[in-house]
Amino acid sequence: MFQEQTPLNAYVGFDTITQQIEKKSIKRGFQFNVMVVGQTGLGKSTLVNTLFASHLIESKGRHNVDELDRQTTRIEAVSHVIEENGVRLRLNIVDTPGYGDQVNNEDCWESIIKYIKDQHSAYLRKELTAQRERLIQDNRVHCCLYFITPSGHSLKPIDIIVLKKLVQVVNVVPVIAKADSLTIEERAAFKKRINAELAFHNIDLYPYDNTEDYDDEERMLNSSIRELLPFAVVGSEKQVVVNGKAVIGRKTRWGAVVVEDENHCEFIHLRNFLTRTHLQDLVETTSMVHYETFRSNQLLALKGAVSPSSEAAPAKAFTPFA
Ligand SMILES: Nc1nc2c(ncn2[C@@H]2O[C@H](COP(=O)(O)OP(=O)(O)O)[C@@H](O)[C@H]2O)c(=O)[nH]1
Ligand SMILES: [Mg+2]
């Protein structure tokens, strides 16, 4: 007998594509690479631990650091896996030596910029190989947290120099470190001054407003984020007891600073921004803006090296991604 035929207007099912994609990407897992930059002692390691430590399930690299050896003297990447509700995030934290650690601070940023470019270069090389891997390991730095000294006055000349270099190659998110050393009023005034300085020097930070890809909702979210920047944050690896409850915080002689209390600091805003609202966009922007700029520059250089117009130059083996 005939099987009952499916009517032509029956359900086709391509609307499940979002679930199909979701299922695949959850299985594959996600990769997020964060770099921390700033002077030694500003609380970079502490903040990273405050942000992610509670969800950590696996770490590779330098993780069992004791206080003595925790000062970073070279660029180090530590890879973690964090998990929440069955979703796995591979997190690479790139720690950089602070300024003031080296005898010569003049070009302390050069190794940082080089590191970022090296990751782009490695990715491009893999992309160009004939036997392409189906999934290229992504070590490109998606977000650079830039730590500002809580002076309450202004940025340091070195901040301007380093920021100018960084924004050309990576998404930079500025934070005012150890914000507990400033009053709420001091923070507001400091932020204003910092933003005026950044504008004066044409330092364009993430999230960028010139992207046409954003819809109205995203644009509104981004402008509210921009008003908050730089996030004034406090980090801590210890718990304190407040009203009988153990919370992450810092005990001072005058009381406790509760890291996750938004009346105390903007840690929660930073964490939401990094993990809830902008993670995917940071990854995409890295790929579509920063990596794309790097890639087209490299390919142009390559084209220039082999085009007839470069006949004047002696034919040399060209190594574009050295
Ligand atoms: N007051 C205050 N101290 C902090 C804060 N974050 C870290 N510290 C302290 O500052 C010191 C240096 O922190 P660390 O994370 O090692 O700084 P890094 O050199 O930038 O990685 C440690 O003694 C921390 O306990 C903060 O938000 N407020
Ligand atoms: Mg450190």
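Conventions we followed
- Residues numbered from 1 in each chain as written.
- Chains lettered and ligands numbered in written order.
- Predicted model: local features only at pLDDT ≥ 70, side-chain atom pairs only at ≥ 80, totals over all residues.
- Heavy atoms only, no water.
- Helix = DSSP H or I, 4+ residues; strand = E, 2+ residues; numbered from the N terminus.
- Buried < 20%, exposed > 50% of the residue type's maximum accessible area, 1.4 Å probe, protein only.
- Near = heavy atom within 4 Å.
- Polar contact = N/O pair within 3.5 Å; in protein donor to acceptor, adjacent residues only side chain to side chain.
- Areas by Shrake-Rupley, 256 points an atom, 1.4 Å probe, with all protein chains shown as cover.
- Contact = heavy atoms within 4.5 Å.
- Axes fitted to C-alpha atoms, helices over the stretch in contact; angles between N-to-C directions.
- Parallel < 35°, antiparallel > 145°, perpendicular 65-115°, else oblique.
- Nonpolar A, V, L, I, M, F, W, Y, C, P; charged D, E, K, R; others polar.

Quick look at unusual backbone geometry
Cis peptide bonds are those with omega within 30 degrees of zero, and the linkage from tyrosine 206 to proline 207 qualifies with -5 degrees. Position of proline 207 relative to the elements: it lies in the loop between helix 5 (184-200) and helix 6 (216-228). Although it is not a glycine, lysine 178 adopts a positive phi angle of roughly 45 degrees. Here lysine 178 lies in the loop between strand 6 (172-176) and helix 5. The phi angle at asparagine 202 is positive, at roughly 55 degrees, despite the residue not being glycine. Checked against the element boundaries, asparagine 202 lands in the loop between helix 5 and helix 6. Classification of asparagine 202 as exposed rests on a relative accessible area of 69%.

Notes on the site of ligand 1
Neighbouring ligand 1 are 14 residues; Gly41, Lys44, Ser45, Thr46 and Asp180 lie closest to it. Separating an oxygen atom of ligand 1 from a side-chain N or O atom of serine 45 is a distance of 2.9 Å. At 2.5 Å from an oxygen atom of ligand 1 is found a side-chain nitrogen or oxygen belonging to threonine 46. Taking 580 Å² as the accessible area of ligand 1 by itself, protein coverage stands at 73%. The element best represented in the shell around ligand 1 is helix 2 (residues 44-52), accounting for three residues.

A word on the side chain of lysine 191
Locating lysine 191 in the fold gives a position in helix 5. Residue lysine 191 is classed as buried on the basis of its relative accessible area, which comes to 9%. A polar contact is formed between the side chain of lysine 191 and the backbone oxygen of leucine 228, at a distance of 2.6 Å. Apart from the residues lying within four places of it in its own chain, the contact partners of lysine 191 are Ile176, Leu228, Leu229, Pro230, Ala232 and Glu266.

Thoughts on the packing of helix 3 (residues 110-128) against helix 8 (residues 279-306)
Running from amino to carboxyl end, helix 3 crosses helix 8 at an angle of 75 degrees, the nearest separation of the two axes being 10 Å. By the angle between their directions, the pair helix 3 and helix 8 is classed as roughly perpendicular. On the side of helix 3, the interface is formed by Lys117, His120, Ser121, Tyr123, Leu124, Glu127 and Leu128, while helix 8 contributes Thr286, His290, Tyr291, Phe294, Arg295, Gln298 and Leu299. Broken down by class, the residue content of the contact of helix 3 with helix 8 amounts to six nonpolar, five polar and three charged.

Take it as geometry only, folks, not as evidence of what the structure does.
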